[in-house]
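Take a look at the letters that make up each chain.
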Amino acid sequence: KSVAEQFRKRRKEKKEKEETVKKMVKDILHPTSADEKRKHKLKRLVQSPNSFFMDVKCPGCFNITTVFSHAQTTVMCGSCSMTLCQPTGGKARLTEGCSFRKKLD
């Protein structure tokens, strides 16, 4: 074999080896939204809080009240005094029958 053929063969083997190393199992630059939600709020590509404000509709009088998602106190309806949500260790638990929607910025 000539030196040129050996050189081409080595270069081809090296290129094939580089291609196998470049392939990754997971795309780090473009993570899925499910992967981002699972991460800690400070370890996401763009830091964002887990908490949000929401409009909660009272099942009794259909009055809408704004409630924080991680409320630490019991929230009552302003007109009928029904309990809308109760605090837990993290997110507040809505009373059964209450409907809600996230508030947009």
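Residues numbered from 1 in each chain as written. Predicted model: local features only at pLDDT ≥ 70, side-chain atom pairs only at ≥ 80, totals over all residues. Heavy atoms only, no water.

Student: Looking at this structure, I do not really get the overall build of the chain. What am I missing?
Tutor: If you tally the helices and strands in the chain, you get two helices and six strands. Counting from the amino terminus, the chain carries its helices and strands in the arrangement α-α-β-β-β-β-β-β. Its C-alpha atoms give the chain a radius of gyration of 28 Å, more than 25% over the compact-globule value 13 Å for 105 residues. Burial status across the chain gives 17% buried among its 105 residues. Within the chain, contacts between residues at least 6 apart in sequence are counted, and of these 24% link residues at least 24 apart. Roughly 9,000 Å² of accessible area belongs to the chain as shown, and the carbon and sulfur atoms make up 55% of that amount. Averaged over its 24 positive side-chain charges, the chain has a centre that lies 2 Å from the centre of its 11 negative ones. (Helix = DSSP H or I, 4+ residues; strand = E, 2+ residues; numbered from the N terminus. Rg over C-alpha atoms; globule rule 2.2 N^0.38 Å. Buried < 20%, exposed > 50% of the residue type's maximum accessible area, 1.4 Å probe, protein only. Contact = heavy atoms within 4.5 Å. Areas by Shrake-Rupley, 256 points an atom, 1.4 Å probe, with all protein chains shown as cover. Lys, Arg positive; Asp, Glu negative; His and termini not counted. Charge placed at Lys NZ, Arg CZ, Asp CG, Glu CD.)

Student: So what exactly am I meant to see when it comes to the sheet that holds strand 6 (residues 99-102) here?
Tutor: Taken in spatial order, the three strands of this open sheet run 2-1-6, and their pairing is antiparallel. Each edge of the open sheet is held by one strand with a lone partner, namely strand 2 (64-68) and strand 6. When the angles between neighbouring strand axes are averaged without regard to direction, this sheet yields 30 degrees. Where strand 1 (residues 53-57) lies against strand 6, four bridges are found, and the strand directions are antiparallel. Residue pairing for strand 6: Asp55 is matched across the bridge by Arg101. (Pairing = 2+ DSSP bridges. Axes fitted to C-alpha atoms, helices over the stretch in contact; angles between N-to-C directions.)

Student: Please clarify how the sheet that holds strand 3 (residues 75-76) should be interpreted in this entry.
Tutor: Strand pairing in a sheet takes place through backbone hydrogen bonds and is either antiparallel or parallel in direction. In space, the three strands of this open sheet follow the order 3-4-5, with antiparallel pairing throughout. Where the open sheet ends on each side, the last strands, each with one partner, are strand 3 and strand 5 (93-94).

Student: Is there a simple way to think about the pattern of salt bridges in this case?
Tutor: For side chains of opposite charge, pairing can occur when their charged atoms come near one another. Per the counting criterion, the structure on display carries four salt bridges. Here Arg38 ties to Asp35 by a salt bridge, and the two come within 2.5 Å at their closest N and O atoms. One end of the pair is Arg38 and the other is Asp35, both in helix 2 (residues 33-38) and three residues apart, which spans about a single turn. A relative accessible area of 63% means that Arg38 is categorised as exposed. The salt bridge partner of Lys103 is Asp55, with a shortest N-O separation of 3.6 Å. A residue pair is termed long-range when its members are at least 10 positions apart, and Lys103 in the segment after strand 6 and Asp55 in strand 1 qualify at 48 residues. Using a relative accessible area of 12% as the deciding quantity, one classes Asp55 as buried. Linked by salt bridges that have partners in common, Asp55, Arg101 and Lys103 make up one network. (Salt bridge = Lys/Arg side-chain N within 4 Å of Asp/Glu carboxyl O.)

Student: Honestly, the environment of Asn50 in this entry has me stumped. Any pointers?
Tutor: By the secondary structure assignment, Asn50 is in the loop between helix 2 and strand 1. Sequence-distant contacts of Asn50, defined by excluding residues within four places in its chain, comprise Lys41, Arg44 and His70. A distance of 2.6 Å separates polar atoms of two side chains, one belonging to Asn50 and the other to Arg44. (Polar contact = N/O pair within 3.5 Å; in protein donor to acceptor, adjacent residues only side chain to side chain.)

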